[in-house]
Amino acid sequence: MIYAKIAGTGSYLPGEPVTNDDLVRRGVDTSDEWIRSRTGICARHFAPSGSKSSELALFAARRAIEAAGCAADDIDLIIVATSTPDFIFPSTATLVQAGLGIQNNGAAFDVQAVCCGFVYALATAEKFIRSGSHRRALVIGAEVFSSILDWSDRGTCVLFGDGAGAVVLEASDKPGIRAVALHADGRHHRELWVPGTVAGGQVMGDPFLRMQGQAVFKFAVKVLDEVAQEVVSLANVPQESIDWLVPHQANIRIIQSSAKRLGLPMEKVVTTVGFHGNTSAASIPLALDCAVRDGRIRAGQRLVLEGIGGGFAWGAALVDF
Ligand code: ACO
């Protein structure tokens with residue numbers, strides 16, 4: 001039996017933290033109290049203007065490869081989850097492959113599932129590895145979300161940040177990823193979207209993130225509860241055996257609800273939303289890497305990763321680390 005196992009993690013945050021008060025100083029009509037009480041966010045990081053997701057991804061990827069103790073050329077599959085790709089094409093994954101100097105002609109492609117992109121990418125890589133077609137995958141979530149924020153829309157611009165997180169996933173005879181569940185319901189696509197595109201040499205439509213916050217909140221709480229239970233049941237493990245919940249970092253209140261439903265105290269939940277904001281596809285691998293590097297998450301522990309993003313698309317993975 002071939003399993004897919006996480007062999008190393010890495011992450012990267014650009015620049016210095018930008019606090020809620022910094023946003024007020026930059027002219028956003030908000031307050032530290034409003035943001036903190038509704039979302040748990042105190043600060044986030046923004047990449048310098050003009051930065052590319054592949055640049056952030058490369059920093060995270062190099063750290064994950066180093067942690068896995070392999071060489072870049074041992075990677076035969078790269079999947080990048082991003083909603084802020086460098087270009088319309090080629091994929092950001094191919095740019096990461098080139099940046100790492102990989103010359104083995106392995107596969108490289110992007111996955112688009114917004115804030116659930118990392119879970120979708122991890123699930124995809126897991127299937128490649130379990131099939132035996134690939135041995136070692138680099139799975140990355142990377143975003144320059146600041147590039148799609150409307151700074152005059154205080155209901156959205158205070159929520160997000162930039163960053164990247166990565167894992168090396170490799171074939172193993174020990175589990176590994178024990179279960180994944182992916183879902184989507186495209187009827188909700190107008191509740192969280194960037195309704196623009198490029199055509200005829202121009203931006204057509206609106207190039208900024210738009211969101212119906214309360215609708216997203218209600219939907220997220222419901223489906224994250226369900227999908228976390230689903231992977232526990234698919235993996236056929238006791239709920240009490242979960243050591244850590246590593247959720248998408250959108251809002252502390254959504255995270256608290258998920259933890260409660262899984263019967264986990266907040267001490268067993270990795271939360272980085274306070275200092276990263278919502279980094280979309282990067283948020284789960286960023287949180288995972290933080291908790292691995294500070295020693296909370298250790299080899300042999302059992303994790304639930306879960307996320308939801310625009311579409312809506314949502315999913316979870318149950319992972320023996
Ligand atoms: N600062 C101060 N006031 C603000 C701000 C702000 N940044 N943003 C909105 N307000 C005001 C509004 O104008 C409104 O004022 P009014 O009553 O005078 O009209 C008031 O605050 C309430 O606005 P609501 O939008 O109803 O605020 P709500 O309590 O719903 O909180 C929030 C908004 C935090 C976005 C919440 O709906 C939420 O967390 N939703 C989840 C969405 C989410 O997390 N999205 C992330 C992307 S999706 C994902 O990753 C899953």
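Anything mentioned here points back to the structure above.
On a predicted model such as this, the values are computed, not experimentally measured, just so you know.

(A) Spotlight on the pairing of strand 5 (residues 107-111). Pairing geometry for strand 4 (residues 77-81) and strand 5, over five bridges, is parallel. In the strand pairing of strand 5, Leu77 is matched with Ala107. Between the parallel elements strand 4 and strand 5, the chain passes through helix 4 (residues 92-99) in a crossover that is right-handed.

(B) Layout of the nonpolar core. In terms of nonpolar packing, the biggest core is built from 45 residues, with Val304, Ile308 and Leu318 touching the most fellow members. Ranked by residues supplied to this core, first place goes to helix 7 (residues 213-235) with eleven residues. Counting residues domain by domain, this core receives three or more from each of domain 1 (3-174) and domain 2 (178-320). Residues contacting Ile308, with those up to four places away along its chain left out, are Cys115, Cys116, Phe219, Ala220, Val223, Leu224, His248, Ala313 and Trp314.

(C) View of the sheet that holds strand 15 (residues 313-320). One open sheet accounts for four strands, arranged 8-15-14-13; its pairing is mixed. The sheet is open, and its two edges are formed by strand 8 (177-184) and strand 13 (244-247), each paired on a single side. Strand-to-strand twist across the sheet, computed as the mean angle between neighbouring axes with direction ignored, equals 10°. Relative to strand 15, strand 8 runs antiparallel, the two being bridged by seven bridges. Paired with Ala184 across the bridge in strand 15 is Ala313.

(D) Representation of the pattern of salt bridges. One pass over the structure, following the stated rule, counts 17 salt bridges. With its nearest N and O atoms 2.6 Å apart, the salt bridge here joins Arg210 to Asp206. Residue class for Arg210 comes out partly exposed when judged on its relative accessible area of 23%. Arg296 is paired through a salt bridge with Asp294; the nearest N and O atoms lie 2.9 Å apart. Each of Asp150, Asp153, Asp206 and Arg210 takes part in a single network of salt bridges with overlapping partners.

(E) Looking closely at the sheet that holds strand 1 (residues 3-12). Taken together, the five strands give an open sheet; going across it, the order is 1-7-6-4-5, and neighbouring strands pair in mixed fashion. Across the chains shown, the open sheet's two edge strands, defined by having one partner strand only, are strand 1 and strand 5. Within the sheet, the average angular offset between the axes of one strand and its neighbour, ignoring direction, is 20°. As judged from the five bridges shared by strand 4 and strand 6 (residues 136-143), these two strands associate in the parallel manner. Pairing of Ile79 across the sheet is with Val139, part of strand 6. Packing against the sheet, helix 4 makes contact with strand 4, strand 5 and strand 6, and its axis sits at approximately 130° to strand 4.

(F) A look at a nonpolar patch on the surface. A cluster of nonpolar residues, Ile88, Phe89, Val198 and Val203, forms a patch on the protein surface that exposes about 480 Å² of accessible area. With respect to the secondary-structure elements, Val203 resides in strand 11 (residues 202-205).

The rules we used
Residues numbered from 1 in each chain as written. Predicted model: local features only at pLDDT ≥ 70, side-chain atom pairs only at ≥ 80, totals over all residues. Heavy atoms only, no water. Pairing = 2+ DSSP bridges. Helix = DSSP H or I, 4+ residues; strand = E, 2+ residues; numbered from the N terminus. Right-handed = clockwise from strand over helix to strand, strands pointing away. Core = buried A, V, L, I, M, F, W, Y, C linked by side-chain atoms within 4.5 Å. Buried < 20%, exposed > 50% of the residue type's maximum accessible area, 1.4 Å probe, protein only. Domains from an automatic or database assignment. Contact = heavy atoms within 4.5 Å. Axes fitted to C-alpha atoms, helices over the stretch in contact; angles between N-to-C directions. Salt bridge = Lys/Arg side-chain N within 4 Å of Asp/Glu carboxyl O. Patch = residues over 30% accessible without salt bridge, like charges linked within 9 Å, V, L, I, M, F, W, Y side chains within 5 Å. Areas by Shrake-Rupley, 256 points an atom, 1.4 Å probe, with all protein chains shown as cover.

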